[in-house]
Amino acid sequence: MSEAQAVDPAMLPVDIRDVSKKFAARQALDGIRLTMQPGESLGLLGPNGAGKSTLIRAIAGLRRPDSGEIRVFGHPAGGAQAKACLGYVPQELALYPILSPRENLLAFGRYQGLRGAALEAAVERGLRWTGLEERRNDKSGSLSGGMRRRLNMAAGAIHDPRLFLLDEPTVGVDPQSRERIYDMIGEMRQQGVSLIYTSHYMEEVERLCDRIAIIDHGRIIASGTRQELVSQTVGERQMLQMDCGAPLPPPLQERLAPWSAMVEGQCVRVAVEKPADDMRALLDLFHAHQVPVRNLNLSSPTLESVFLHLTGKELRE
Amino acid sequence: MILSVARTHLARLRRDSAGFVLSFVVPIVFFSIFTVVFGGGGRSGSSMVVRLAVVDQDQSEMSRRYAEALGKHRNLSILPAPDASQGGALAATEQAIRKGALPAAIVFPQGFGAQTLAGGDSAPSPSVVLLVDSASNPFAAPVLSRVLEQIAVAQRLQPEPAAVATAQVEEKLLKIETRDLLGAGKENPWIALSAAGLGVMFLFFTTSTAGGAIIDEADNGTLERILCTRVGMTRLLMGKMVYLSGLATVQLSVMFIWGALFFGLPLRGHVTGFLVMTVVTSLAASAFGLVLAAACRTRTQLTAISNLAVLVMSALGGSLYPRFLMPEFIQKLGLLTLNAWALDGFVKVFWRDESVLMLWPQVLVLTCAAAMLLFVARRLATRWEAF
C-alpha cells in the first residue's frame, strides 16, 4: 500500500500485516494484509464463514492472531489504547434487554470511562442518533428489531470512537429501519470516523463504503473501489441473461463459445460489449437453432458479478 | 406434536452432554452423601454417638465402674478430660464446654461411690452432674441421662439379679443434675442458628445463580462488547464480586431482621459480630458463585453443579442438619466447606456471646477462601478472553 507509507503509522486506523488465524483444522484468516486510511470507509464483503467476523474481532482484540500483527492507530490491537480508539458493534444484539435504552447507554458509557456530564451528554446524543428519545425508558427487550439494532450501534459508539467496527449491523432488519441505519452510518462518515463494515449484502457495501475488500476462505482476494474491482475482473461489459424455452443443442453451445457464455440448464449468461449489436446477433443465432428465447435481461456489472468471477460461486452461497 | 416438542428438548439436552450427565449424576451423588452424613454410611445404622468427657472427682471403685461402663457404651465416645491444673477439673471442663472445645461431660463428684453403696430407702440418691451445651448437641442431655440410668440399674442388679422394675428404681438409684452451660437463660436460642444455617445455604444459591449472568452475557455477545471497553476481565469479575457480596449481605441481613422482628431472634447486642460474619460469608459465597459460573459452559450445567455443590456443602457444613449429629469423620470433613466456618462464626456470635476478636479464625478462613476462589474464577475466565 503506497498510500500507507505516506501517512504517519499512528494515524492509520488499521494496519494489518500478514495475519493468520486457525480454529482447529479450519483456516479462518490466511495471511491478511490490509491498511486503512484516516476517515476511510472499508467494506468487507464475503459469504458466511469467509472470515469477516474473525477479522473484525481480531481488530477489536477479541481474537488473537496465530501470526502477524494488527495495529489500531499505531497501537497493538487488544491493548487499552487501541480499545479506547475503537467502537465495536457485534452481529448479536449485545444489550441488556431488561434495561431501558438510556440505562444500556449509561452502562456502556461507564464501561468506556465516561462520567458525569460527559456521560449524560453522550447518552442524550446516542438517543437522538438512534431516534429512541421517546422510548428511552422502555425495556430494550420490548423494542422492535430495527430499534434494537440502532441501539446496538449506539452502545458501540457511545464514546465517540475514531474507528467504528460494524459486523453485519443490518441483519434481520426491515428496509425502513435499514435506511435509518444507513443514515446513522452516513452521519459518522461525515464526522470523519473510519469505518469497517462487514456484510454479505453488496448493495450496502457499495452504498456505504469507499473501498471494498472481498474476502473468501480467510483471504482478501481483491480490494479497491467498486469501479476498480469491476474493471480488474469482469470489465465494463454488461451481462445479458437469456432464459430459453428449450435445452441448448451442442452446436449452439459451440457457437456461443466466443462470447464466453455460461450455460446453466436453459439459462445463458453472456458478457456483451455492444449490447444492441450483440443482442441482435445472439437472437439470430438462437432463432437459427430453433431455440425460443422467452426472457432477456441486460444488467451492468455488479459486485455479485465480481464475486462470481473471482470465486466461481454466488455471494450468498 | 407433543412428542415432537419432547424430542426437541431431548435433542437439546443431548447437545449439552455435561448437563445431560449431571442431570443423572447429581441425584445419585447427593443421595449417597446424605446417606453417609445422616445414616452412618449405611453400615452402623442411625445410632447417634455422643462425644463427652468423664470427670471422676470421686475416684472410687463405683465411679470407675460407671466410667468403664460409659466407655464401653456404643453410643458414647469418650474424649480426654481437660487439663485440670488450674481451677480444678470441674471449672476446666465447664470452660472447655463454653468455648466449644467439648460438647458434654459427666462429672462424678466426691462421695458418689459412698452414696451409691449406702443404698436403702432413707439414704440420699447418688448424684451425677451432666454438663452440656444444648447448642452443640441438644440431644446430649437426654441421651446421657438415659445411659446413666441404664448403667445404674445394671450396677444395682449385679449383686442381686432379681427382677426389679427399672422405672420404679431409677429415681432412687441416681440423681442426675443437668447444667446447660450456654443455652440456659437464652430466649429462642435456636432461631439464630436456624437463620444462619438456612441463610448461608440460600446465600450460596443466590450467588451461584446471579453469578451465572456472565454465561448469559457470553451467549448474547454482551461479554465481547464489554471486553472491548476499558473494563477488562479482572475488573469485570471484581465488579460482579462487589455486586454479589452486596446482594448477599442484604439478603442475610433481611433474613435476620425478619427473625428479630417476628421470631425473637436476638440480633440486638450482636450486631457487630453479625455484620462481620455476614460480610465475610458474603464475600466467600460471591467468589464461590463466580467460580461455578466461570467453570460452567451453559446455564444447565451451572444449575446442576451449583445445586449439587450447595446442597452437599450445606449437608456437610451443618446448614441442613447439625454437624454434631454426624459421624466424627464427617464432622471433620465438614470443615472443608464454607458453610461450616460461617456457621461456627454465627454460633460464636449468637450462642457463645464471644467478642468480635474471637471470630478471627472464621474471618481468616472465609476471607482467604474468597481470595483463592476469586483467583480461580479469574483463571477459568481466561477462556472468554482473546483466543
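A.B. asks: Is there a simple way to explain the overall build of chain B in this structure?
C.D. replies: Secondary structure assignment for chain B yields 16 helices and 5 strands. With 387 residues in all, chain B has 39% of them scored as buried. Considering only intrachain contacts with a sequence separation of at least 6, the fraction spanning at least 24 residues in chain B is 77%.

A.B. asks: Could you clarify how one ought to interpret the sheet that holds strand 12 (residues 262–264) of chain A in this entry?
C.D. replies: The strands making up a sheet are joined through hydrogen bonds of the backbone, oriented either antiparallel or parallel. Residue and element names in this part refer to chain A. Taken together, the 4 strands give an open sheet; going across it, the order is 12-13-11-14, and neighbouring strands pair in antiparallel fashion. With partners counted over all chains shown, the strands left at the sheet margins are strand 12 and strand 14 (293–299), one partner each. This sheet shows a mean twist of 15 degrees between the axes of neighbouring strands, independent of strand direction. Across 6 bridges, strand 11 (residues 238–244) lies against strand 14 in antiparallel orientation. Among the inter-strand pairings, L240 is bridged to a residue of strand 14, identified as L298.

A.B. asks: Before we go on, may I ask you to explain the sheet that holds strand 3 (residues 104–108) of chain B in this structure?
C.D. replies: Residue and element names in this part refer to chain B. Reading across from one edge, 2-1-3-4-5 is the order of the 5 strands in this open sheet, with mixed pairing throughout. Every other strand in the sheet has two partners, leaving strand 2 (76–79) and strand 5 (175–180) as the edge strands with one partner each. When the angles between neighbouring strand axes are averaged without regard to direction, this sheet yields 30 degrees. Pairing geometry for strand 4 (residues 127–132) and strand 5, over 6 bridges, is parallel. Its bridge partner being in strand 5, L131 is matched across the sheet by R179. Sheet contacts for helix 3 (residues 61–72): strand 1 (50–56), strand 2 and strand 3; angle to strand 1, the most-contacted strand, approximately 165 degrees.

A.B. asks: Just to check I follow, could you spell out the nonpolar core for this structure?
C.D. replies: For soluble globular proteins, the rule of thumb is that nonpolar side chains tend to be buried together. By size, the foremost hydrophobic cluster in this structure holds 135 residues, and its most contacted members are I59 and L165 of chain A together with A287 of chain B. Looking at this core element by element, the count peaks at 13 residues for helix 12 (residues 271–295) of chain B. Beyond its immediate stretch of four places on either side in the chain, A287 of chain B contacts M241, A370, L373, L374 and A377 of chain B. Core analysis: the second largest hydrophobic core is formed by 32 residues, L102, I106, V132 and L181 of chain B among them.

A.B. asks: Teacher, can you tell me more about the domain arrangement of chain A here?
C.D. replies: In many reports, interface size means the accessible area that the parts give up when they come together. Along its sequence, chain A is organised into domain 1 (2–231) and domain 2 (237–300). If you average the C-alpha positions of domain 1 of chain A and of domain 2 of chain A, the two centres end up 43 Å apart.

A.B. asks: Teacher, can you tell me more about the interface of chain B and chain A here?
C.D. replies: The partner chain A presents 21 residues to the 13 residues of chain B that form the contact. Broken down by element, the residue count for the side of chain B that touches chain A peaks at 5 residues, all from helix 10 (residues 222–227) of chain B.

A.B. asks: Any chance you could explain the environment of A260 of chain B here in plain terms?
C.D. replies: Residues and elements named next belong to chain B. Position of A260 relative to the elements: it lies in helix 11 (residues 233–263). Sequence separation of A260 and A192 is 68 residues, and the distance between their C-alpha atoms is 8.9 Å. Setting aside residues no more than four positions away along its own chain, A260 makes contact with L265 and L267.

A.B. asks: Whenever I open this one, helix 13 (residues 299–317) of chain B confuses me. Can you help?
C.D. replies: The α-helix winds at 3.6 residues per turn, so residues separated by three or four positions along the chain end up facing the same way. All names here are of chain B. A rise of 1.5 Å per residue sets the reference length of helix 13, with its 19 residues, at 27 Å; its end C-alpha atoms lie 26 Å apart and thus fit the reference within 8%. Taken residue by residue, helix 13 has Q301, L302, A304, I305, S306, V310, L311, M313, S314, A315, L316 and G317 as its buried positions. Within two residues after helix 13, G318 carries a phi angle of roughly 100 degrees, on the positive side.

A.B. asks: Sorry, what's going on with unusual backbone geometry here?
C.D. replies: Excluding glycine, a negative phi dihedral is what most residues carry, and trans is how most peptide bonds are arranged. Residue and element names in this part refer to chain A. Even without being a glycine, A24 presents a positive backbone phi close to 55 degrees. Tracing the backbone through its elements, the reader meets A24 in the loop between strand 1 (15–23) and strand 2 (26–35). With a phi angle near 45 degrees, E168 is a residue other than glycine that sits in the positive phi range. Classification of E168 by C-beta neighbours within 10 Å gives buried; the count is 21.

A.B. asks: Hey, could you run me through the confidence of the model for chain B in this one?
C.D. replies: Reading predicted coordinates in detail is not appropriate for stretches of low pLDDT. All names here are of chain B. Residue-level pLDDT values for chain B average 81, and 80% of them are 70 or greater. By mean pLDDT, the top-scoring element of chain B is helix 16 (residues 360–380) (96), and the lowest-scoring one is helix 7 (residues 166–173) (50). Of the regions scoring below 50 in pLDDT, residues 159–170 engages in 6 contacts with residues more than four places distant in sequence or in other chains. Here the prediction assigns the complex a pTM of 0.75, and the interface score ipTM is 0.80.

A.B. asks: Mind showing me how you'd approach the pairing of strand 11 of chain A here?
C.D. replies: The side chains of a regular strand alternate, first on one face of the sheet and then on the other. Of the strand pairs in this sheet, strand 11 of chain A and strand 13 (residues 267–272) of chain A are connected by 6 bridges, and their pairing is antiparallel. Within the sheet, the bridge partner assigned to Q241 of chain A lies in strand 13 of chain A and is R269 of chain A.

A.B. asks: Honestly, the environment of E133 of chain A in this entry has me stumped. Any pointers?
C.D. replies: Residues and elements named next belong to chain A. Position of E133 among the secondary structure elements: in the loop between helix 5 (116–130) and helix 6 (145–157). Accessibility expressed as a C-beta count within 10 Å gives 13 for E133, which makes it partly exposed. On a C-alpha basis, the gap between E133 and P101 in space is 8.8 Å, while along the polypeptide they are 32 residues apart. Filtering out sequence-adjacent residues up to four positions away, E133 remains in contact with L127 and R128.

So, how was this worked out
Residues numbered from 1 in each chain as written. Chains lettered and ligands numbered in written order. Predicted model: local features only at pLDDT ≥ 70, side-chain atom pairs only at ≥ 80, totals over all residues. Helix = DSSP H or I, 4+ residues; strand = E, 2+ residues; numbered from the N terminus. Buried ≥ 20, exposed ≤ 12 C-beta atoms within 10 Å, placed from the backbone. Contact = placed C-beta atoms within 7 Å. Pairing = 2+ DSSP bridges. Axes fitted to C-alpha atoms, helices over the stretch in contact; angles between N-to-C directions. Core = buried A, V, L, I, M, F, W, Y, C linked by C-beta atoms within 7 Å. Domains from an automatic or database assignment. Expected span 1.5 Å × (residues − 1). pLDDT = per-residue confidence, 0-100.

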